[in-house]
Amino acid sequence: MRTLTLARDSLQAHEPSAGWSSWLVRQGYQHLLVLRSQINLYYFWEKRWFFVAMAMGALMLSFDPPRGLSQDGWIMLTMSASATLLFMTQPVPLPTVALMIIVGQVLLVGVDSDIVAKNLMTDSVLFIMGSLMLAVAVVKQKLDKRIAWAIVRMTGTRTVNVCFGISAVCGLLASFIGEHTVAAMMLPVGLTLISLTSQNPQRIRRLSAFILFSIVFGCTTAGIGTPSGGARNAIMIGYWQQFFYNPADPATYRYLVDYMTWMLYGYPLFLAQLVFVTPILYFTFRPERTDLARAIAKLRLQIELDGPMTPAAWLSILLFVMIMIGWIFTSQLVGMGTVALLGTCAFLVTGLVKWEDINSGVNWGVVLLYAAAISLGVEMQATGAAAWLAASVLGMFEPVGMGSGMGLLVGVAFLTAGVANTMAPGAAVAVLGPIVLKLGSTAGADPLHVGFITAFASAFAYLAVASSPASTIVFSSGYLRISDFLKVGWRMALVSMILLLLQAYFLWPYLDRLR
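The following refers to the structure shown.

Cut-off values and rules
Residues numbered from 1 in each chain as written. Predicted model: local features only at pLDDT ≥ 70, side-chain atom pairs only at ≥ 80, totals over all residues. Heavy atoms only, no water. Helix = DSSP H or I, 4+ residues; strand = E, 2+ residues; numbered from the N terminus. Buried < 20%, exposed > 50% of the residue type's maximum accessible area, 1.4 Å probe, protein only. Contact = heavy atoms within 4.5 Å. Expected span 1.5 Å × (residues − 1). Arc of directions from axis to C-beta. Salt bridge = Lys/Arg side-chain N within 4 Å of Asp/Glu carboxyl O. Phe/Tyr/Trp six-rings, centres within 6.5 Å; stacked < 30°, edge-to-face > 60°. Lys NZ or Arg CZ within 6 Å of the ring centre and 35° of its normal. Polar contact = N/O pair within 3.5 Å; in protein donor to acceptor, adjacent residues only side chain to side chain. Core = buried A, V, L, I, M, F, W, Y, C linked by side-chain atoms within 4.5 Å.

The next point concerns the overall build of the protein chain. When helices and strands are counted, the protein chain shows 25 helices and zero strands. Taking all 515 residues of the protein chain together, the buried fraction comes to 50%. The long-range fraction of contacts in the protein chain, counting pairs at least 24 apart against all pairs at least 6 apart in sequence, stands at 78%.

It is worth spelling out the environment of Ser441 at this point. Relative to the assigned elements, Ser441 resides in helix H22 (residues 425-442). Between the alpha carbons of Ser441 and Ser404 there is a distance of 9.8 Å; along the sequence they are 37 residues apart.

With that out of the way, let us pick up helix H15 (residues 293-306). With 14 residues, H15 should cover 20 Å at 1.5 Å per step; its first-to-last C-alpha distance of 20 Å lies within 8% of that length. Looking at H15, one finds that the buried residues are Ala295, Ile296, Leu299 and Ile303. Viewed end-on, H15 has its buried residues packed into an arc of 100°, placing them on one side of the element. Away from its buried face by more than 90 degrees, H15 exposes Arg294, Glu304 and Leu305. Two residues or fewer after H15 comes Gly307, characterised by a positive phi angle close to 75°.

With that out of the way, let us pick up the side chain of Gln105. If you trace the backbone, Gln105 turns up in helix H6 (residues 94-107). On the accessibility criterion, Gln105 (0% relative accessible area) is buried. In this structure Gln105 touches Met79, Gly110, Val111, Val116, Ser375, Leu376 and Glu379, once residues within four positions along its chain are discounted.

Taken as a whole, this structure holds three salt bridges when the rule is applied. Residues Arg205 and Asp484 are paired through a salt bridge, measuring 2.9 Å at the closest nitrogen-oxygen approach. Separated by 279 residues along the polypeptide, Arg205 in helix H12 (residues 205-222) and Asp484 in helix H25 (residues 482-514) bring together distant segments of the chain. Put simply, Arg254 and Asp446 hold a salt bridge, and the shortest N to O gap is 2.9 Å.

Right, let's talk about the packing of aromatic side chains for a bit. What characterises a pair of aromatic rings is the spacing of the ring centres plus the angle enclosed by the ring planes. Counted under the stated rule, the structure contains 23 aromatic pairs. With a centroid separation of 5.1 Å and 80° between ring planes, the pair formed by Phe217 and Tyr462 is classed as edge-to-face. You can see Phe217 sitting in helix H12 and its partner Tyr462 sitting in the loop between helix H23 (447-457) and helix H24 (469-475), a full 245 residues away along the chain. By relative accessible area, which is 1% here, Phe217 ends up buried. Taken together, Phe213, Phe217, Phe285, Phe460, Tyr462, Phe475 and Phe485 form an aromatic cluster joined through their ring pairs. Just above the ring of Trp45 sits the side chain of Arg48; from NZ or CZ to the centre is 4.1 Å.

By relative accessible area, Asp484 is classed as buried at 3%. A distance of 2.9 Å separates a polar atom in the side chain of Asp484 from the backbone nitrogen of Arg481.

Phe213, Trp240, Phe456 and Leu500 are the most contacted members of the largest nonpolar core, which has 153 residues in total. Not counting the four nearest positions on each side in its chain, Phe456 is found in contact with Ile224, Trp262, Tyr265, Gly266, Leu269, Leu500 and Trp508.

Here the focus is the environment of Ile435. Relative to the assigned elements, Ile435 resides in helix H22. On a C-alpha basis, the gap between Ile435 and Ala387 in space is 7.9 Å, while along the polypeptide they are 48 residues apart.

Just distances and angles here, no functional claims.
Put into structure tokens, the structure is as follows:
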């Protein structure tokens, strides 16, 4: 070591008598030292998954597309794989991934930029944006505290009971008006309980996850309960009618699935899942506080100090009830996003909330992320990449005994859940629905059972943030990590899958005889 140090000092020393070659060596070594001092090796280590994702994408694109898949479809599949890796490892801010998806569609696939922009701003994105704005408006009126107080008055102060109450209330509401709305409405309730427990989020991180995931899973498990619980349900009902209903054949009337028939199959599964939500969350996160008595006492004191509800608070409730009525009765005509934005305008016009509050309270990066995820799903479908992927996986079912009967339902359930975790559940049902229904019909399976399995399993997108609107909205609070979704998501997905298959095997044949 001493010899090397002496050699380096000798090279750095000024030696006028040395030749030109020695001068070049000294200059080169000094430039090397300067360059090394400018390079931050920690940067490359911190961003390693970004470079891995880019290298993986470049490697995939260096190969020819698989048989049956177009070049554009291969590019979209590559982009989806790279984006999924970036979503999971998060080496760069998530909105950066959204921007890369947008740019990639234009530069790599050649999609017109106007079409990409059109795919970004769908009604669902407007709804997410409007819901986040309404959540800010609700927090501004402090109604979240009164909703939280109403829940704890029924459940008591034990953390487990409070979280079960949150999941039950979220589930019952979300099964009728959709998970988007309820997640946006209940997020302030969860944040209120968290902020009253401790001002330092790091000290109650597991408790925060317990409360917030109670909202997420309460909403997502309920989406299968009724046709209005999620867009995927309406899509499947439309497929049944389009593919199997014949007005001239009375035997096909069973494929006209109405609201109550859907509830007959969907609600038992939702209630069964609801029973397991709180135990799974409790054993996964083990909250730091087993009793929220101190937070509840602070909550009660704050409500007493606030006094009776003000006219502004009553006006806020009236506006929100009108928004919910609008979602239920007019969303098919004007879209849920239009109703949400109209409600936001009403809050702004009446002076119940200021634009500055909305501008600072909404996580615009989450809006961008959800918009990009939807556009990616649209292009996956348009280029045939999603259909090719589904058909390829289905082709592997038959050799392992999943070509018919219960084996087919098991295969369809796992395939749908897997695809739903990489894109929006509605997009997963839209892409897989025609394929699995045709496959089930060919294999002699009941198309209703295959359709129910597909629609219900698409709700098991518990592993990814962007695959569920409720997850995206709650994640915007900043209290949860990507790893939290992976940590609890596989447990919830496994239990949900077991419950689904048990009901399909034992309960559905009995329900078929009731129709």
